[in-house]
Amino acid sequence: MTVTLEVSDNVGTIRLDRPPMNALDVAVQDRLRELAEEATRREDVRAVILYGGEKVFAAGADIKEMQEMDHTAMVLRSKALQDSFTAVARIPKPVVAAVTGYALGGGCELALCADYRIAAENAKLGQPEILLGLIPGAGGTQRLARLIGPSRAKDLIFTGRMVKAEEALTLGLVDRVVPAAGVYEQAHAWAAQLAKGPALALRAAKESVDAGLETDIDTGLTVERNWFAGLFATEDRERGMRSFVEEGPGKATFR
């Protein structure tokens, strides 16, 4: 399989495995959607890692495959392409991207679907579609601007330039830079910590932040208020508050 989902200790790893560069062809895109939906459904998956292996995250779309598509073919395909990435972005659990080597074009767009990005010191990220006479088509014009701001996003999209890990950190495109050998380990530690947390509260936090970014503040506050009040019906809230009162903060065990 070109993409797999492996689960251990409530952490699911969605692993790209299409050597040598993890090019995101139609089969990979469709498989990503399937596994994102599976990770969403499975109760034994409490957090997710996106990973391309030790050498490369994903160097972009399969250009040879795309070259064969005309306008009609891409009109029919583009919605499915976006839906695959949106399925990853909407996994209602914490998602971290472990970025090694190249994360370009669709690879960068896939990393943008995560909640948090940990990059190797040798990572290079970018949206080079303009160099093909195109623009990003899997969410790059939207998610990148929301993450790093419109002017910085336009610079990367207009020029098609790659940025190294340290510049990506400065831009806010990644959240942490670590030695290449420790990328997956660091991502797993982040995911494993959250996998032990209150699942519904984490879902509420993620959906509140994401929904708020897509609407006005009053609507966002309504989403937050409804989730906040709703969590008072959960066992985790009872356990968390009881533990805080009896033992102090940070000692609750959630189910």
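Preceding this paragraph is the structure being described.
How each quantity is defined
- Residues numbered from 1 in each chain as written.
- Predicted model: local features only at pLDDT ≥ 70, side-chain atom pairs only at ≥ 80, totals over all residues.
- Heavy atoms only, no water.
- Helix = DSSP H or I, 4+ residues; strand = E, 2+ residues; numbered from the N terminus.
- Expected span 1.5 Å × (residues − 1).
- Polar contact = N/O pair within 3.5 Å; in protein donor to acceptor, adjacent residues only side chain to side chain.
- Pairing = 2+ DSSP bridges.
- Axes fitted to C-alpha atoms, helices over the stretch in contact; angles between N-to-C directions.

Considering helix α10 (residues 217–230)
One full turn of an α-helix is made of 3.6 residues, so residues set three or four places apart face in the same direction.
Stage number 1. In this model, α10 (14 residues) spans 20 Å end to end at C-alpha, consistent with the 20 Å of a helix rising 1.5 Å per residue.
Stage number 2. Capping the start of α10, Asp-216 holds a side-chain oxygen 3.1 Å from the backbone nitrogen of Asp-218, two or three residues further along.

Remarks on the sheet that holds strand β7 (residues 124–126)
Stage number 1. Pairing in this open sheet of 3 strands is mixed, and the strands run β5-β7-β8 from one edge to the other. Edge positions in the open sheet fall to β5 (102–104) and β8 (162–164), since each of these has one partner strand only. With strand direction ignored, the average angle separating the axes of adjacent strands in the sheet is 20 degrees.
Stage number 2. Pairing between β7 and β8: 3 bridges, direction antiparallel. If you follow Lys-124 over to β8, its bridge partner there is Lys-164.

Here we look at the sheet that holds strand β9 (residues 176–178)
Stage number 1. The 6 strands are arranged β1-β2-β3-β4-β6-β9 in an open sheet whose pairing can be described as mixed. Among the strands making up the open sheet, the edge pair consists of β1 (3–8) and β9. The sheet shows a mean angle of 20 degrees between the axes of neighbouring strands, taken without regard to direction.
Stage number 2. Strand direction decides the pairing type here: strand β6 (residues 116–120) and β9, joined by 3 bridges, are parallel. Counted as the bridge partner of Ala-119 is Val-177 from β9.

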